[in-house]
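Listed here are the chains, written in short residue letters.
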Amino acid sequence: MKKRDCTSLFKTSFSRRYWRLAADEFKDIRMILIAALVVAVRVALRPYSNSLQIAPNLTINLSFWINAAGSMIYGPLVGLLSGAVSDTLSCIIFPSGAYFFPFIFVEMLGCFVFGIFLYRADLSATRIIFSRVAVVVTCNFIVNPIVMVFYYRIFYPNSVYTLYSITLTVLKALLTFPFEALILIFFISAV
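Because the structure is predicted, anything quoted here is derived from the model rather than measured.

Student: Sorry, what's going on with the packing of aromatic side chains here?
Tutor: Per the counting criterion, the structure on display carries 14 aromatic pairs. For the pair phenylalanine 100 and tyrosine 151, a centre-to-centre distance of 5.5 Å together with 65° between the ring planes defines the contact as edge-to-face. Highlighted residues: phenylalanine 100 in the loop between helix H3 (64-93) and helix H4 (103-118) and tyrosine 151 in helix H5 (residues 125-155), separated in sequence by 51 residues. Assessed through its relative accessible area of 11%, phenylalanine 100 is described here as buried. Classification of tyrosine 151 as buried rests on a relative accessible area of 13%. Between tyrosine 152 and tyrosine 156, the aromatic rings sit 5.8 Å apart at their centres with planes inclined by 40°, giving tilted as the arrangement. Exposure remark for tyrosine 152: the relative accessible area of 16% places this residue in the buried category. Taken together through their ring pairs, the aromatic side chains of Phe100, Phe103, Tyr151, Tyr152, Phe155 and Tyr156 make up a single cluster.

Okay, structure coming up:
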């Protein structure tokens with residue numbers, strides 16, 4: 001039986017060995033069980049995900065730290081799968097509005113990006129903040145607005161709320177970022 005490498009840390013994810021170790025996590029039953037546990041917690045927290053109100057009509061999504069912690073443990077590749085499963089199960093168990101499949105890519109990408117920054121890395125506050133910045137930029141500023149445009153075009157073709165909704169989403173991400181970054185630093189440091 002091949003001995004598993006559990007101690008290697010990487011400064012960057014740009015190495016063949018990093019990606020080989022990340023792919024090997026699919027072969028480890030413990031990592032699959034941890035991913036299943038992360039998915040279960042994420043789905044269970046779905047109804048409470050926007051529970052920390054910092055201002056009127058401005059809440060912090062408290063479930064992002066679960067994706068970060070899971071991706072830190074099992075890496076970006078298992079993170080892609082766990083993001084897809086948690087999004088799908090959350091929409092089935094706790095439906096809110098019309099299901100639109102492309103939103104799954106936002107969830108998957110968030111887990112993937114957290115995995116790239118946090119998996120097998122020497123974790124510092126700066127690295128944790130950069131992981132959150134990368135998720136906010138790629139998911140909230142780029143991918144989510146694109147998906148929202150398609151969503152509004154399909155479900156509300158005559159709606160004038162597309163730009164309004166996208167603007168609110170981007171502003172919310174900007175305003176909540178400092179709080180979410182601090183929460184993530186404390187949580188990842190505790191883990």
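Student: So what exactly am I meant to see when it comes to the pattern of salt bridges here?
Tutor: Per the stated rule, a full pass over the model turns up 5 salt bridges. Between glutamate 25 and arginine 120 there is a salt bridge, with the nearest N and O atoms lying 3.9 Å from each other. Note that glutamate 25 is positioned in the loop between helix H1 (16-24) and helix H2 (29-45) and arginine 120 in the loop between H4 and H5, a separation of 95 residues in sequence. Take glutamate 25 and arginine 120: they sit in the same class, and that class is buried. Of the charged contacts in the structure, one is a salt bridge between glutamate 107 and arginine 42, with a shortest N-O distance of 2.6 Å. You can see glutamate 107 sitting in helix H4 and its partner arginine 42 sitting in helix H2, a full 65 residues away along the chain. Each member of the pair, glutamate 107 as well as arginine 42, carries the same accessibility label: buried.

Student: I would appreciate a short explanation of the nonpolar core in the present structure.
Tutor: Ala68, Phe114, Leu118, Ile128, Val135, Leu184 and Ile188 are the most contacted members of the largest nonpolar core, which has 20 residues in total. For this core, the secondary structure elements donating two or more residues are H3, H4, H5 and helix H6 (161-190). When residues of this core are assigned to their parent elements, the largest contribution, 8 residues, is made by H5. Excluding residues that lie within four positions of it along the chain, alanine 68 makes contacts with Phe114, Leu118, Leu184 and Ile188. By size, the runner-up hydrophobic cluster in this structure holds 6 residues, among which are Met31, Ala35, Ile66 and Val78.

Conventions adopted
- Along each chain, numbering runs from 1 in the same order as the chain's sequence is written.
- Two thresholds apply to this predicted model, a pLDDT of at least 70 for residue-level local features and 80 or more for giving and counting side-chain atom pairs, whereas whole-chain, interface and lining totals are computed over all residues.
- Excluded from the side-chain calculations are hydrogens and water; all other atoms, namely the structure's heavy atoms, are used.
- Each Phe, Tyr or Trp ring (for Trp, its six-membered ring) is paired with any other whose centre lies within 6.5 Å, and the angle between the two planes then decides the class: stacked below 30 degrees, edge-to-face above 60, tilted in between.
- Secondary structure elements follow DSSP: runs of H or I of four or more residues count as helices, runs of E of two or more count as strands, with numbering from the N terminus.
- When accessible area is computed with a 1.4 Å probe and restricted to protein chains, residues below 20% of their type maximum are described as buried, those above 50% as exposed, and intermediate ones as partly exposed.
- Between Lys or Arg on one side and Asp or Glu on the other, a salt bridge is scored when a side-chain nitrogen of the former is within 4 Å of a carboxyl oxygen of the latter.
- The term nonpolar core refers to a set of buried residues drawn from Ala, Val, Leu, Ile, Met, Phe, Trp, Tyr and Cys, joined through side-chain atoms within 4.5 Å.
- What makes two residues a contact is simply this: any of their non-hydrogen atoms within 4.5 Å.

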